[in-house]
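Read off the chains here:
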Amino acid sequence: MTGIVVFINLAGAVALLLWATRLVRTGIERAYGNVLKERLRLALGNRLSAGAAGFVFAVALQSATAVALILSSFVAGGYVGSTIGIATLLGADLGSAFVARVLRYDLSLLIPIFLLAGTVMFRASEAREWRQLGRISFGLGLLLLSLRLIGEASDPLKTSEILPVIINYLSRDWITAFLLAALLAWAFHSSVATVLLLASLADRHLLTPELIIPLVLGANFGAAVIAAVLTKNAEPMARVVPLGNVVIRGLTTLLALGAQIAFPLSPSLLASGPGDAVVMAHLAINAIVVVVGLPVCGIVASLLDKALLPRIATTGVPMDTRLSALNPADLGHPRQAVNNATREVLTLCEKTEAMLGRIFELFENFDQSKMDRIAQLDDEIDHIHRDIKFYLARVSEGELDKETAAQCQTLLGTTIKIEQAADIISQNMLARARKKHDRKVVFSQEGWTELCGMHNEVVKNAHLAFNLLISRDVDHARQLVDRKEVVRDLVRESEERHMQRLRAGNLASYDSSSLHIDTMRDLKEINSLVVAIGYPLLEDEGMLRRSRLM
């Protein structure tokens, strides 16, 4: 077998591993993303619990990078502090390493089971939850299959004449080996995939024992950099957590490399087999990072806060340093300009989602600082909304083809809907939260449970609607419109139960009656606005009726 054929087979197997990992992660995010995010947010009480929560979350998503991006949005939105965010990400790194260890077990018998179960669940039902479970199961089957294919594709390398020369050189130059592994982890955007590939090569004795630890350290350094690069254009607060991880995890791996050069440690002390030694070294370095990092993450967060937020207004509010995607230089290129506007609309989505997620915290535990932050987010949304409208108006002044003109109109309509939803939160729901606090009104337990159920559904629908701006997935658009009826039914049922409680003389329901009904209507209106984002996509496919009338 020629070298190019071996390379193509190995590259294809690695590509399948990366795709399968993404398939599992997106399935989990779509099916349980909002629940996991809420559980994660509630679990971030102190550094230890935050680290444990990060561990569990990374195991669920099979990606510490995904956790890093979620935490960045949490910190930017004010949900958690920088110190807790960094502590959580350190736990997520360890969780990602644990996933690699689990996947090292011989699970080949599960491949056909996962593939068959995933196919049946995905095709047997139109329900969103079952289809996502099918996606997860099928992705796990592909993931395990890819590990087998990587092993099979690596076998011909045993007879390679060039590989031993490269390995012998790297065995004498650990710094180059470290840098190559870091580059590989960056290219894969996954430490799990990188470590499993190295383990597979080590199993076939294609890596010398002395190379194992430098390569694993390099893979961890590269993995630490991924989230920091992905958030380089985000607002300063969102960059603190990924950069904190680079400081702690990156410096630890560099110090470990120096220690390994000075006092070489045999990987056989970690495990008898070379492949297992790769994974155990990966697990060990991340455990060390957690032990070393948790006590100092507060210091690191404080230093990064000072470095990234040097300009503070007299009010104590950081000056807005966000870079706009609305580049005037692209106005002569309508398609690129529309893409720029789409990116800016995604910023609106992120800020509105943060407002929607946080507003119910104020109903439960009123906090003036959080209320001010929601009001500030609404001001930012108004500013971005205005800029997008003016930018799209200037785009429309030129000659547009039919598709680009339609995209402009769709984006403008989407922007208006998102801004309206943000206004409902800032003008209506904030006022109700303050009224509830000032008047010391308490919802009945049943009423609060009903409102929380509606809120969770609206948050899920908003997340799905905002994703449509990128995915343009018709199936998801159909699911979104179908779920509009779910919220409608929840509102109707809650109104009926609320009237029953009033007739039964429930004092809490009597005191909170107007707040309960008005909050339901706000949620229903927000839901209608976000669901409407999916209408243009369905209309283009001829899947939308003009009227609900028979």
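Details of the structure are given in the entry above.
Predicted model, so just to flag it, every value in this text is computed and none were measured.

Enquirer: Please explain the overall build of the chain as it appears in this structure.
Expert: When helices and strands are tallied, the chain shows 20 helices and zero strands. What you see for the chain is a C-alpha radius of gyration of 26 Å, in line with the 24 Å of a compact globule of 550 residues. Dimensions along the principal axes, computed over C-alpha positions, put the chain at roughly 80 × 55 × 50 Å. Relative to its 550 residues, the chain shows a buried fraction of 50%. Intrachain contacts of the chain at a sequence separation of at least 6 include 81% that bridge at least 24 residues. For the chain, the accessible area works out to roughly 26000 Å², and carbon and sulfur atoms hold 60% of it. In the chain, 55 positive and 54 negative side-chain charges are present, and the distance between their average locations comes to 2 Å.

Enquirer: Where do I start with the side chain of Gln479 in this structure?
Expert: Along the polypeptide, Gln479 turns up in helix 17 (residues 474–503). If near-sequence neighbours (up to four positions away) are discounted, Gln479 is found in contact with Arg128, Arg131 and Leu464.

Enquirer: Which parts of the structure should I look at to understand unusual backbone geometry?
Expert: Residues other than glycine predominantly adopt negative phi, and peptide bonds predominantly adopt the trans conformation. You will see that His205, though not glycine, has its phi angle at about 60 degrees, which is positive. Note that His205 resides in the loop between helix 9 (191–203) and helix 10 (209–230). The backbone phi angle of Lys440 is positive, close to 55 degrees, even though this residue is not glycine. Mapped onto the secondary structure, Lys440 falls in the loop between helix 15 (402–438) and helix 16 (445–471).

Enquirer: Where do I start with the packing of helix 7 (residues 163–172) against helix 8 (residues 174–188) in this structure?
Expert: In helix packing, the relevant descriptors are the interaxial angle and the interaxial distance, both defined with respect to the helix axes. It is at 5 Å that the axes of helix 7 and helix 8 come closest, and there the two elements cross at 110 degrees. Here helix 7 lies roughly perpendicular to helix 8, going by the angle between them. For the pair helix 7 and helix 8, contact is made by Tyr169, Leu170, Ser171 and Arg172 and by Trp174, Thr176, Ala177 and Leu180, respectively. Broken down by class, the residue content of the contact of helix 7 with helix 8 amounts to five nonpolar, two polar and one charged.

Enquirer: Got a minute to help me understand the packing of helix 13 (residues 334–364) against helix 15 in this structure?
Expert: Direction vectors running N to C along helix 13 and helix 15 enclose 15 degrees, while the axes themselves pass 10 Å from each other. Taken together, the axes of helix 13 and helix 15 lie roughly parallel to each other. For the element pair helix 13 and helix 15, the recorded crossing hand is left-handed.

Enquirer: Would you mind showing me how to read the pattern of salt bridges here?
Expert: Between side chains of opposite charge, a pair can form as their charged atoms come close. The final tally for this structure, using the stated rule, is 18 salt bridges. The partner of Glu450 in a salt bridge is Arg497, and the shortest N-O contact between them spans 2.9 Å. Taken together, the positions of Glu450 in helix 16 and Arg497 in helix 17 put the pair 47 residues apart, joining distant regions of the chain. For Lys460, the salt bridge identified is with Glu457, shortest N-O distance 3.9 Å. Of this pair, Lys460 and Glu457 both sit in helix 16, three residues apart, which is roughly one turn of the helix.

Parameters and conventions
- Residues numbered from 1 in each chain as written.
- Predicted model: local features only at pLDDT ≥ 70, side-chain atom pairs only at ≥ 80, totals over all residues.
- Heavy atoms only, no water.
- Helix = DSSP H or I, 4+ residues; strand = E, 2+ residues; numbered from the N terminus.
- Rg over C-alpha atoms; globule rule 2.2 N^0.38 Å.
- Buried < 20%, exposed > 50% of the residue type's maximum accessible area, 1.4 Å probe, protein only.
- Contact = heavy atoms within 4.5 Å.
- Areas by Shrake-Rupley, 256 points an atom, 1.4 Å probe, with all protein chains shown as cover.
- Lys, Arg positive; Asp, Glu negative; His and termini not counted.
- Charge placed at Lys NZ, Arg CZ, Asp CG, Glu CD.
- Axes fitted to C-alpha atoms, helices over the stretch in contact; angles between N-to-C directions.
- Parallel < 35°, antiparallel > 145°, perpendicular 65-115°, else oblique.
- Nonpolar A, V, L, I, M, F, W, Y, C, P; charged D, E, K, R; others polar.
- Left-handed = near helix turned anticlockwise from the far one by under 90°.
- Salt bridge = Lys/Arg side-chain N within 4 Å of Asp/Glu carboxyl O.

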